[in-house]
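# Geometric and topological summary
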Amino acid sequence: MLDKKWKSLKSGTDIRGVATEGVEGQEVNLTDEAVERIVRGFVLWLMEKTGKSNQELTVSVGRDSRISGPRIRMVALRGLTEAGCQVIDCGLASTPSMFMTTIDLNCDGAVQITASHHPYFRNGLKFFTRDGGLEGSDIEQLLAYAQNDQAPETDRVGKVRVVPYMKQYAQHLRDMICKGVQAEDYEHPLSGFHIVVDAGNGVGGFYAQGVLQPLGADISGSQFLNPDGMFPNHIPNPEDEEAMRSICEATVKAKADLGVIFDTDVDRGGAVDAQGRELNRNRLVAVAAAIALEGNEGGTIVTDSITSSGLKTFIEKDLGGVHHRFQRGYKNVINEALRLNKEGVNCPLAIETSGHAALRENYFLDDGAYLVTKIIIKMAQLKKQGKTLEDLISNLSEPVESREVRMPILEEDFRACGQAVIDQLEQYAESQPHWNIAPDNREGLRVSFDKEHGDGWFLLRLSVHDPILPLNVESDSQGGVQVILQELYAFLKSAKGIDISPVEKALAE
């Protein structure tokens, strides 16, 4: 069993903690000692998984731009080499590129130093093998090794070799675009296109200068390309309103054909059309699904649970695919797609509304740069036909209103308490004549309503990590969200162990 200290570093399938001093109320727990113990545990784990000795193992290390990255990189390199394995130092790198080192550089494992979109003072570790990212149970094993200070026995220190792998990774993306567009000027397929990139001062700046510009694209108006771990301009997060507003404004100001935005470590991406309208959340899923189902007619698209009803109709009626809603959490969505394919189901895409998108053709790796590359290829192909990306999803029906309300769970055993509320709500829903429980419900409880009772749906579920019950509500009619909230409030006001004041506040607006 992990004690409180080590358990606090587990965040789903990642390691995350406070890594920078000086922030009030945030004590550093991702210390040098913790990092060194954890990476040594990774070597032990790899030895068990591969059957290789520590001296036969090769592990790559990369980092994003946050300010604690250089310190943690040095500690990780030391811990891995002292554990006896060979190390490839990739320096500043995207998270997806670090997975690709297990393919292109034949690494047995990879370590990425990142905390995604978290604040500058936090950092973390992500781990990969050729089979993909580690599972939560694997992370627990690494932390157990660290807690017990277990390390491989070795009489030889490994060596570090520096490889600027991002150059090779960028070349791969350029080759994709050249092959996909098949322009007359094969080496410059993006000549005549104006594309604005917002890297949010993460590590995504390479995409403008290393992928788009060499292919002939005009990248003027791109912003925040330089890595800066304090993230002085906006949070590098395609889900953040300020970040999306920033790229929308930059795209319109530059009169660009497309704007793209990445999170800190580039495992997520978003896009903006020439009019400054977001290709985000349901719209991003729709574009990705349209691309993924080409050559996969009738295929299944796995998404998270909060996607709209209009998206389901678009995937199934307009694209001829199957929409498979699953649980929130990018790893959950990817694992479900892997399971379906293993069972013989043609499933080419797993995508979460947060922007995590994983295509089967790309090892089911959630890679924001790969997704954006596929979108750019499609944009260029459509232009030859006199069409735009908007034409691709013109039949997508979007909700008139949408809202998320997050209700804190007050009980110490928050998962049991939250699940009890959901179970009670399901019993309540079954007794309500105009509440329609979704037949494809795979997380929490999703209920839809006819036009007279809100013209939409709600989903109540447990948060992946936190003591929260997120409530998502959408309606196809003005004022419908309030009607649905009122319907739900009749139940919630008698629910035990949760704080329903956020719902009451929403109803009072």
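Residues numbered from 1 in each chain as written. Predicted model: local features only at pLDDT ≥ 70, side-chain atom pairs only at ≥ 80, totals over all residues. Heavy atoms only, no water.

### A look at helix α14 (residues 414–430)
With 17 residues, α14 should cover 24 Å at 1.5 Å per step; its first-to-last C-alpha distance of 24 Å lies within 8% of that length. Buried within α14 we find F414, C417, G418, V421, I422, L425 and A429. All buried residues of α14 fall inside an arc of 135° around its axis, so they share one side. Turned more than 90 degrees away from the buried face of α14, the exposed residues are Q427 and E430. (Helix = DSSP H or I, 4+ residues; strand = E, 2+ residues; numbered from the N terminus. Expected span 1.5 Å × (residues − 1). Buried < 20%, exposed > 50% of the residue type's maximum accessible area, 1.4 Å probe, protein only. Arc of directions from axis to C-beta.)

### Comments concerning the sheet that holds strand β22 (residues 468–475)
The strand order across the open sheet formed by five strands is β18-β22-β21-β20-β19, and the pairing between neighbours is antiparallel. With one partner strand each, in any of the chains shown, β18 (401–408) and β19 (436–437) form the two edges of the open sheet. Seen against the sheet, α14 touches β19, β20 (445–449), β21 (456–460) and β22 and runs at an angle of roughly 30° to β20. (Pairing = 2+ DSSP bridges. Contact = heavy atoms within 4.5 Å. Axes fitted to C-alpha atoms, helices over the stretch in contact; angles between N-to-C directions.)

### With respect to the pattern of salt bridges
For the coordinates displayed, the defined rule picks out 30 salt bridges. A salt bridge links R406 to E404; its shortest N-O distance comes to 3.6 Å. (Salt bridge = Lys/Arg side-chain N within 4 Å of Asp/Glu carboxyl O.)

### Some thoughts on empty space enclosed by the protein
Tallied over the entire structure, the rule returns two cavities of 30 Å³ or more. Volume-wise, the largest cavity comes out at about 50 Å³. For the largest cavity, the full set of lining residues is S305, R325, F326, A438, D440, N441, R442, E443, R446 and L459. Grouping the constituent residues of the lining of the largest cavity by class yields three nonpolar, two polar and five charged. Of the voids in this model, the second largest cavity is the one considered here, and its volume is about 40 Å³. If you trace the second largest cavity, you find it lined by T95, P96, K126, F128, D267, L365 and D366. Elements with a minimum of two residues in the lining of the second largest cavity: α4 (95–104), β6 (122–129) and β17 (365–366). Each residue belonging to the lining of the second largest cavity can be placed in one class, and the counts come to three nonpolar, one polar and three charged. (1 Å grid on protein atoms, 1.4 Å probe; cavity = no way out; pocket = protein on both sides within 12 Å on 5 of 7 lines; lining within 4 Å. Points joined across faces, edges and corners; volume = space filled by probe spheres on them. Nonpolar A, V, L, I, M, F, W, Y, C, P; charged D, E, K, R; others polar.)

### Quick look at the sheet that holds strand β11 (residues 269–273)
Within the open sheet, the four strands sit side by side as β9-β10-β11-β12. Their pairing is mixed. Edge positions in the sheet fall to β9 (195–198) and β12 (278–279), since each has one partner strand and no second. Against the sheet, helix α12 (residues 368–384) touches β9, β10 (258–262) and β11, its axis set at about 170° to β10.

### A few points about the pairing of strand β2 (residues 14–18)
Among the five residues in β2, five count as buried, and that is most of the element. With two bridges joining them, strand β1 (residues 10–11) and β2 adopt antiparallel strand pairing. Within the sheet, the bridge partner assigned to S11 lies in β2 and is D14. Between β1 and β2, which follow one another and run antiparallel, lie two residues, and G12 among them has a positive phi close to 65°.

### As for the nonpolar core
Formed by 73 residues in total, the largest nonpolar core has its most connected members in L173, L190, F206, Y207, L212 and I376. With 10 residues, the single largest contributor to this core is α12. Once you skip the residues sitting within four places of it in the chain, L173 turns out to touch F206, Y207, V211, A369, Y370 and T373. In this structure, W45, I72, L125 and A146 belong to the second largest nonpolar core, which totals 36 residues. (Core = buried A, V, L, I, M, F, W, Y, C linked by side-chain atoms within 4.5 Å.)

### Notes on the packing of helix α6 (residues 165–181) against α12
Their axes nearest at 9 Å, the elements α6 and α12 cross at an angle of 25°. One way to sum up the angle between α6 and α12 is to call them roughly parallel. The handedness of the crossing between α6 and α12 comes out as right-handed. Here Y169, H172, L173, M176, I177, G180 and V181 of α6 come into contact with α12, specifically with A369, Y370, T373, K374, I377, A380, Q381 and K384. The class makeup of the residues in the contact of α6 with α12 is nine nonpolar, four polar and two charged. (Parallel < 35°, antiparallel > 145°, perpendicular 65-115°, else oblique. Left-handed = near helix turned anticlockwise from the far one by under 90°.)

### What about unusual backbone geometry?
Residue N106 is not a glycine yet carries a positive backbone phi of 60°. By the element assignment, N106 lies in the loop between α4 and β5 (109–113). You will see that N201, though not glycine, has its phi angle at about 65°, which is positive.

### Description of the packing of aromatic side chains
Considering all chains together, one arrives at 14 aromatic pairs under this definition. Between Y120 and F121 the ring centres are 5.5 Å apart and the planes differ by 90°, which places this aromatic pair in the edge-to-face class. Of the residues examined, Y120 reaches a relative accessible area of 26% and is grouped as partly exposed. The rings of Y165, Y169, F206, Y207 and F262 are connected pair by pair, giving a single aromatic cluster. Residue placement shows K383 over the ring face of F193; its charged tip is 4.5 Å from the ring centre. One Lys or Arg, R446, reaches over the ring of W457 and ends 3.6 Å from the middle of that ring. (Phe/Tyr/Trp six-rings, centres within 6.5 Å; stacked < 30°, edge-to-face > 60°. Lys NZ or Arg CZ within 6 Å of the ring centre and 35° of its normal.)

### Here we look at helix α10 (residues 309–318)
All of the buried residues along α10 are G310, L311, K312, F314 and I315. Residues of α10 that are buried make contact with α9 (282–292), β13 (300–303), β14 (322–325) and α13 (389–392). Just beyond α10, the residue with positive phi is G320, at close to 75°.

### Concerning the side chain of R174
By the secondary structure assignment, R174 is in helix α6. Despite its burial, R174 pairs with no opposite charge, the nearest such side chain being D175 at 6.0 Å. In this structure, R174 is in contact with G210, V211, P214 and L215, ignoring residues within four places of it in sequence. (Lys, Arg positive; Asp, Glu negative; His and termini not counted.)

Remember, this is a structural readout, not a statement about activity or role.
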